[in-house]
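Report on the structure
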Amino acid sequence: MWRGFLSLLKKDFQLMWSSKFLLLAFGSLVLYSCYINFLYVNLDQDIYPVYLYDPLSVQQELSADIVRVDSLEELNTKSGDGYAVGIDMSSGTPQVTMVSSNIQKTDNYRAAYALSLLSPSNQTVSEITGKDNKEMKSRREITCEFLFFELAAVGFLGIASMLFKEKQMGVVRIHGVLPISKTAFMLSKLSLFLLSDLVFSTFLTVINLGALEGLLVLPYVLAQTAILSLIMALVGFFCAVQLPDFKQFSLLYLVLAVFITTPVFLVGQTGIAWSWITYHPMYHLFMAMKNAYRGMPSANGVYYTICGLTIILLFLLVRQALIREMAKEG
């Protein structure tokens with residue numbers, strides 16, 4: 001079996017190489033890293049900029065973080081981007097103006113923060129916890145998002161495109177009549193994609209977090225990478241076996257990318273509260289990846305047990321579907 005497995009491994013690697021999959025993965029790594037290091041971390045990311053219109057000069061003591069404006073129209077313009085907060089003192093008392101984020105808690109935080117800057121000497125001193133500055137926090141979050149998207153969407157597409165190509169080449173039909181283990185046929189592809197995902201995750205993490213911070217969180221990140229990579233590869237494998245052509249699969253891929261992963265990003269990154277999201281399996285995988293980039297393992301053994309059982313059940317399901325497909329092709 002192992003001799004046949006090594007032959008399958010060699011064949012699948014050649015197929016990955018000829019399909020430019022490894023080149024695309026390398027291109028994604030370069031593109032993501034360039035965006036993070038040369039654009040994203042250099043963006044002006046001031047937290048809730050605050051603008052003040054005070055024609056009567058009521059406020060004499062102001063925080064340095066407040067920017068004065070000369071007219072009410074300018075105040076409305078500055079605070080109309082959905083992020084900044086404006087304070088109108090034209091009546092002698094502070095009136096907060098801003099575009100709502102549609103999240104009440106966030107709006108309250110923004111208003112309270114803006115009003116606190118009117119009396120900088122009376123601000124409450126808070127205990128600062130954590131060692132990350134704003135740049136490192138941004139690096140962790142954006143790197144996590146890119147890696148999750150790469151594994152969830154691109155990994156799902158990669159193994160399926162390989163299998164569809166093998167269908168067109170008649171490889172699946174040939175393997176249906178040859179005495180080759182169906183388990184070895186699957187393990188060959190899963191091993192290559194898992195290895196490529198682990199290598200991709202390693203370089204993406206170390207390049208964008210730095211060698212020291214990257215290596216500290218790498219064990220947690222690789223554990224989540226392996227879980228997500230295997231789950232998405234098996235789901236993509238199953239869909240490719242069940243669907244007759246790549247056009248139908250492309251529609252399914254669009255559903256995955258837009259309607260399944262988008263709610264996860266919205267809840268995980270914007271603070272939108274949807275009670276039903278706790279029943280969304282991708283949400284738990286995304287939060288586990290976020291915790292990994294913070295250097296924290298997943299909540300408990302229940303998470304790993306569920307993930308392990310899911311991988312085993314998916315593997316058995318895909319194997320059964322593959323046996324039926326090969327029998328049909330043969």
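Now for a description of the structure that goes with this document. (Residues numbered from 1 in each chain as written. Predicted model: local features only at pLDDT ≥ 70, side-chain atom pairs only at ≥ 80, totals over all residues. Heavy atoms only, no water.)

Attention shifts here to the environment of Leu147. Positionally, Leu147 belongs in helix α5 (residues 134–169). Taking the C-alpha atoms as reference points, Leu147 and Thr225, separated by 78 residues in sequence, lie 8.5 Å from one another. Those residues in contact with Leu147 that lie beyond four places of it in its chain are Phe200, Ser201, Leu204, Val221, Thr225, Met289 and Tyr293. (Helix = DSSP H or I, 4+ residues; strand = E, 2+ residues; numbered from the N terminus. Contact = heavy atoms within 4.5 Å.)

To continue, consider the pairing of strand β1 (residues 50–53). Residues of β1 alternate between two faces, with Val50 and Leu52 on one and Tyr51 and Tyr53 on the opposite face, all of them buried. Where β1 meets strand β2 (residues 66–68), three bridges bridge the pair, whose relative direction is parallel. Note that in β2 the partner of Leu52 across the bridge is Arg68. (Buried < 20%, exposed > 50% of the residue type's maximum accessible area, 1.4 Å probe, protein only. Pairing = 2+ DSSP bridges.)

Core analysis: the largest hydrophobic core is formed by 69 residues, its most contacted members being Leu147, Phe148, Leu234, Phe237, Leu285 and Met289. Sorting the residues of this core by element identifies α1 (2–18), α2 (21–38), α5, α7 (182–209), α8 (211–242), α9 (246–270), α10 (281–293) and α11 (301–329) as the ones contributing at least two each. A total of 14 residues in this core trace back to one element, the largest contributor, which is α5. In terms of nonpolar packing, the next biggest core, distinct from the first, is built from nine residues, Val50, Leu52, Ile87 and Leu117 among them. (Core = buried A, V, L, I, M, F, W, Y, C linked by side-chain atoms within 4.5 Å.)

For the structure shown, the criterion picks out one cavity of 30 Å³ or more. One number sums up the size of the largest cavity: a volume of about 70 Å³. Lining the largest cavity we find Phe21, Ala25, Glu150, Val154, Gly155, Ser196, Asp197 and Phe200. Within the lining of the largest cavity, the residues separate by chemical class into four nonpolar, two polar and two charged. (1 Å grid on protein atoms, 1.4 Å probe; cavity = no way out; pocket = protein on both sides within 12 Å on 5 of 7 lines; lining within 4 Å. Points joined across faces, edges and corners; volume = space filled by probe spheres on them. Nonpolar A, V, L, I, M, F, W, Y, C, P; charged D, E, K, R; others polar.)

Below, the discussion takes up the packing of aromatic side chains. Tallied over the entire structure, the rule returns eight aromatic pairs. Each ring, one from Tyr32 and one from Phe200, has its centre 6.5 Å from the other, and the planes form 80°; the classification is edge-to-face. Placement of Tyr32 in helix α2 and of Phe200 in helix α7 is noted, with a sequence separation of 168 residues between them. Across this residue pair, the class does not change: Tyr32 and Phe200 are buried. Clustering of aromatic rings is evident, with ring pairs tying together Tyr32, Tyr35, Tyr40, Phe146 and Phe200. Taking NZ or CZ as reference, Lys189 lies 3.7 Å from the ring centre of Phe185, over its face. (Phe/Tyr/Trp six-rings, centres within 6.5 Å; stacked < 30°, edge-to-face > 60°. Lys NZ or Arg CZ within 6 Å of the ring centre and 35° of its normal.)

Right, let's get into α7. For α7, built from 28 residues, the straight-helix expectation of 40 Å at 1.5 Å per residue is met to within 8% by its first-to-last C-alpha distance of 40 Å. Looking at the residues trailing α7, positive phi occurs at Gly210, about 95°. (Expected span 1.5 Å × (residues − 1).)

Their axes nearest at 10 Å, the elements α2 and α7 cross at an angle of 20°. Judged by the inter-axis angle, α2 sits roughly parallel to α7. Where α2 crosses over α7, the handedness of that crossing is right-handed. When α2 is examined against α7, the residues Phe21, Leu22, Ala25, Ser28, Leu29, Tyr32, Ser33, Ile36 and Asn37 are found in contact with a partner set consisting of Phe193, Ser196, Phe200, Phe203, Leu204, Ile207 and Asn208. The class makeup of the residues in the contact of α2 with α7 is 11 nonpolar, five polar and no charged. (Axes fitted to C-alpha atoms, helices over the stretch in contact; angles between N-to-C directions. Parallel < 35°, antiparallel > 145°, perpendicular 65-115°, else oblique. Left-handed = near helix turned anticlockwise from the far one by under 90°.)

Covered by surrounding structure in strand β3 (residues 85–88) are Val85 and Ile87 together with Gly86 and Asp88, the residues of both alternating faces. Sheet topology note: the β1/β3 ladder contains four bridges and is parallel. Among the inter-strand pairings, Leu52 is bridged to a residue of β3, identified as Ile87. In terms of strand pairing, β3 meets strand β4 (residues 95–97) through three bridges, oriented antiparallel. Residue pairing for β4: Asp88 is matched across the bridge by Gln95.

Its volume calculated, the second largest pocket comes out at about 530 Å³. Around the second largest pocket, the lining comprises 24 residues; the ones closest to its centre are Ile231, Pro281, Met282, His284 and Leu285. Breaking the lining of the second largest pocket down by element, the ones donating at least two residues are α8, α9, α10 and α11. Among the elements that line the lining of the second largest pocket, the one with the most residues is α10, at seven residues. The class makeup of the residues in the lining of the second largest pocket is 19 nonpolar, five polar and no charged.

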